[in-house]
Amino acid sequence: MKPNYNCRQVIPAELELMLVKYLVSCAKMCYGVGYVECRKFAYELSIKNNLSVPDTWNKNKMAGIEWVRSFMNRNSDLNLQNVMNRCPSFADGSRIFNLDEALVTTVQSPTRVIAQKGVKRLNQITSGERGVLVTVCCVINAYGNKLPPTFIFPRVNFKSHMLHGAPPGSLGLACQSGWMNSDLFIETLNHFIKHTSSSKDNPSFLIMDNHESHVSLNSLSVAKDNGVTILTLPPHCSNKLQPLNVSVYGPFKSYYISAVDSWLQRNSGKAIDIYHVAECVNVAFEKSMTPSNITAGFKATGIFPFDENIFKDDDFAPEKNTKKHQSLFEIAPAEQLNISDGNLTDPESFTIDELTGFEELDRDPVEGDYVLVEFKIQKPRSNLLVFYVGKIIKNIDDDGDLEISFLRKYKKSEPCKFLLPDIPDLASININDIKVLLPPPKISGKTSRQ
């Protein structure tokens, strides 16, 4: 038996296809739409075409959660795998590249050294108390190849001697901050196009983060005119999805620190400055940008060879942020939940029997609602299911993330009650983790101890 995802379609197939094309176009232009915005678009499309919609759509001015889930299942072909299949060279990895910036400084971090046992404090020679940052932009290929890097120096104008000792073919740029910006990225993109011979007849697939300097209109136009397909990664995912961060930049920075230490030992009494950075980067670049390191990064991220199952449930555990919620409780089979808003009154309650077989929420949670949040904690030989009671403070973004203030269990009360702590226990959760909308607590006067 196959699930029937058309039961919640609401919008006719031809109109839904228009919505799919619109969402895909937004993603290509780096203005991708999240779940909440998609639900709003679906509602507006339905009203514009005089379609009959559920009452909850009219109440919330957006489509329901279950609709967007069915919508995504009906259109499950929108993924990274199909992007790669557009061009045979994308599928075989020969034209898949990853671009990312790294910061290097003239003052290295001290490393561990051999010294007499029992010594509490040791000193290490550096070039100053605070260093000057230089941006190095690297590009690697899924076949294990590397392109000459781009250096961005914190100067108004670039001088050729700044690249003394740099890897052959390196590009030197300058700006006052030393950081990548939209104008410099266009020059970096042209540098990439030059060394990869990218064109519409020889397209390239470039993966990078979605920093604002990467997605300007001019840079996207340059990429489009030269056959470069750009895929941007979601925020805060570089440690899992970016090959350079996964397997290359770790050894690169270690080798760079060693190169700086070696330079200071060879040039006793001198301080390293930005004119020596390229020389030290070259040492680290050659040692870290090896084919084995590069291909390991693409494999570990599931990009090449393509592996859509590379990430397990444990990889998504950080979003649960469970370490902040130790003051909350684990539900026992016979417990009753009583909630108290800063007092010890008798609020409305419900039993654990009502927590089994969760049904779809009859409405979207809003600010001020008390909710039951589910977390799955992986333990050896068992999966512990933990529930927390919290109060919604505000919506964080359009992807369904909410800020929650969690309640604490009042241990002296039978049946157990929950209080809002004096110091808020705040965390962000996704709307999909909310299983029950709890009844509001009854408010009454405080006791003499509160």
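Calculation criteria
- Residues numbered from 1 in each chain as written.
- Predicted model: local features only at pLDDT ≥ 70, side-chain atom pairs only at ≥ 80, totals over all residues.
- Heavy atoms only, no water.
- Helix = DSSP H or I, 4+ residues; strand = E, 2+ residues; numbered from the N terminus.
- Buried < 20%, exposed > 50% of the residue type's maximum accessible area, 1.4 Å probe, protein only.
- Contact = heavy atoms within 4.5 Å.
- Areas by Shrake-Rupley, 256 points an atom, 1.4 Å probe, with all protein chains shown as cover.
- Arc of directions from axis to C-beta.
- Axes fitted to C-alpha atoms, helices over the stretch in contact; angles between N-to-C directions.
- Parallel < 35°, antiparallel > 145°, perpendicular 65-115°, else oblique.
- Salt bridge = Lys/Arg side-chain N within 4 Å of Asp/Glu carboxyl O.
- pLDDT = per-residue confidence, 0-100.
- Pairing = 2+ DSSP bridges.
- Expected span 1.5 Å × (residues − 1).
- Polar contact = N/O pair within 3.5 Å; in protein donor to acceptor, adjacent residues only side chain to side chain.
- Phe/Tyr/Trp six-rings, centres within 6.5 Å; stacked < 30°, edge-to-face > 60°.
- Core = buried A, V, L, I, M, F, W, Y, C linked by side-chain atoms within 4.5 Å.

*Asks:* How should I be thinking about the overall build of the protein in this particular structure?
*Replies:* In terms of regular secondary structure, the protein is built from twelve helices and 15 strands. Expressed as a percentage of its 450 residues, the buried residues of the protein come to 43%. Pairs at least 24 residues apart make up 66% of the contacts formed inside the protein by residues separated by at least 6 positions. Approximately 25400 Å² of the protein is accessible, and the part contributed by carbon and sulfur atoms is 50%.

*Asks:* Which parts of the structure should I look at to understand helix α12 (residues 291-300)?
*Replies:* For an α-helix the count is 3.6 residues per turn, leaving residues at separations of three or four pointing the same way. All of the buried residues in α12 are Ile294, Gly297 and Phe298. Down the axis of α12, the buried side of the element spans an arc of 95°, and every buried residue falls inside it. Residues of α12 that are exposed and point over 90 degrees away from its buried face: Ser292 and Lys299. Looking one or two places after α12, you find Gly302, whose phi comes out positive at around 75°.

*Asks:* Help me understand the packing of helix α2 (residues 35-48) against helix α4 (residues 65-74), please; the structure alone is not making it clear to me.
*Replies:* A pair of packed helices can be characterised by two numbers: the angle between their axes and the separation between those axes. At a minimum axis distance of 10 Å, the contact between α2 and α4 shows a crossing angle of 100°. If you check the angle between α2 and α4, you find them roughly perpendicular. Where α2 abuts α4, its residues Tyr35, Cys38, Arg39 and Ala42 lie against Ile65, Trp67, Val68, Phe71 and Met72.

*Asks:* Looking at this model, I keep getting lost on the pattern of salt bridges. Mind explaining?
*Replies:* Any two side chains of opposite charge can pair, so long as their charged atoms come close to each other. Tallied over the entire structure, the rule returns seven salt bridges. The partner of Arg74 in a salt bridge is Glu16, and the shortest N-O contact between them spans 2.7 Å. Of this pair, Arg74 sits in helix α4 while Glu16 is found in helix α1 (residues 13-28), placing the two residues 58 residues apart along the sequence. Accessibility expressed as a relative area gives 5% for Glu16, which makes it buried. The salt bridge partner of Glu66 is Arg69, with a shortest N-O separation of 2.6 Å. In this pair, Glu66 and Arg69 are both assigned in helix α4, three residues apart and thus about one turn of the helix distant. With a relative accessible area of 18%, Glu66 lands in the buried category.

*Asks:* Before we go on, may I ask you to explain the confidence of the model for the protein in this structure?
*Replies:* It should be kept in mind that the predicted coordinates are not to be read in detail where pLDDT is low. Scored by pLDDT, the protein comes out at a mean of 79, with 77% of its residues at no less than 70. Below pLDDT 50 for its whole length, residues 322-356 participates in 105 contacts with residues either more than four positions away or in separate chains.

*Asks:* Sorry, what's going on with the sheet that holds strand β5 (residues 204-209) here?
*Replies:* Backbone-to-backbone hydrogen bonds join strands into a sheet, with any given pair of strands oriented parallel or antiparallel. Here six strands make up an open sheet; going across it, the order is β4-β3-β2-β1-β5-β6 and the pairing mixed. Looking at strand neighbours, the two that pair on one side only are β4 (171-175) and β6 (228-233), the edges of this open sheet. Within the sheet, the average angular offset between the axes of one strand and its neighbour, ignoring direction, is 25°. Bridging between strand β1 (residues 96-105) and strand β2 (residues 133-141) involves nine bridges; their strand directions are antiparallel. Its bridge partner being in β2, Val104 is matched across the sheet by Val134. Helix-sheet contacts for helix α10 (residues 243-266) involve β1 and β2, and the interaxial angle to β1 is about 35°.

*Asks:* Whenever I open this one, helix α7 (residues 182-196) confuses me. Can you help?
*Replies:* Helix length check: α7 (15 residues) gives 21 Å between terminal C-alpha atoms against 21 Å at 1.5 Å per residue, within 8%. Along α7, the positions that sit buried rather than exposed are Leu184, Phe185, Ile186, Thr188, Leu189, His191, Phe192, Ile193 and Thr196. At the N-terminal boundary of α7, the capping side chain belongs to Asn181, with an oxygen 3.2 Å from the backbone nitrogen of Asp183. Immediately downstream of α7, the backbone of Ser197 shows phi near 55°, a positive value.

*Asks:* Can you walk me through the packing of aromatic side chains in this structure?
*Replies:* Two descriptors summarise a pair of aromatic rings, namely the distance from one centre to the other and the angle between the planes of the rings. Taken as a whole and assessed by the stated rule, the structure comprises eight aromatic pairs. Relative to Phe304, the ring of Tyr143 lies with its centre 6.5 Å away and its plane at 50°, an arrangement referred to as tilted. Separated by 161 residues along the polypeptide, Tyr143 in the loop between β2 and β3 (150-154) and Phe304 in the loop between α12 and β7 (336-339) bring together distant segments of the chain. Pairwise contacts between aromatic rings join Trp57, Trp67 and Phe71 into one cluster.

*Asks:* Would you explain the side chain of Asp369 in this entry?
*Replies:* Its location among the elements puts Asp369 in the loop between β8 (349-351) and β9 (370-379). A polar contact of 3.0 Å, which involves the side chain of Asp369, links it to the backbone nitrogen of Val366.

*Asks:* Got a minute to help me understand the nonpolar core in this structure?
*Replies:* Across soluble globular proteins, nonpolar side chains have a tendency to be buried as a group. Core analysis: the biggest nonpolar cluster contains 39 residues, and Val104, Phe151, Tyr256, Val281 and Met289 have the highest contact counts within it. When residues of this core are traced back to their parent elements, those giving at least two are β1, β2, β3, β5, α10, α11 (274-288) and α12. When residues in this core are grouped by element, the largest group, nine residues, is from α10. Residues Leu147, Ile152, Met208 and Leu220 belong to the second largest nonpolar core, which totals 22 residues.

*Asks:* Looking at this model, I keep getting lost on the side chain of Thr188. Mind explaining?
*Replies:* Within the secondary structure, Thr188 is located in helix α7. Taking relative accessible area as the criterion, Thr188 reaches 2% and is therefore assigned buried. Not counting residues within four places of it along the chain, the set of residues in contact with Thr188 comprises Leu99, Cys137, Thr150, Leu171, Leu173 and Met180.

*Asks:* So what exactly am I meant to see when it comes to the environment of Ile393 here?
*Replies:* Within the fold, Ile393 resides in strand β10 (residues 382-395). Exposure remark for Ile393: the relative accessible area of 32% places this residue in the partly exposed category. Residues Ile393 and Ser405, spaced twelve residues apart in sequence, show a C-alpha to C-alpha distance of 6.5 Å. Not counting the four nearest positions on each side in its chain, Ile393 is found in contact with Glu367, Glu403, Ile404, Ser405 and Leu426.

*Asks:* Even after reading the chapter, I still don't get the environment of Ile274, so can you show me in this structure?
*Replies:* Within the secondary structure, Ile274 sits in helix α11. For the pair Ile274 and Thr105, spaced 169 residues apart in sequence, the C-alpha separation works out to 8.2 Å. Every residue in contact with Ile274, bar those within four places of it in the chain, is listed here: Thr106, Val132, Val134, Phe153, Pro154, Arg155 and Met162.

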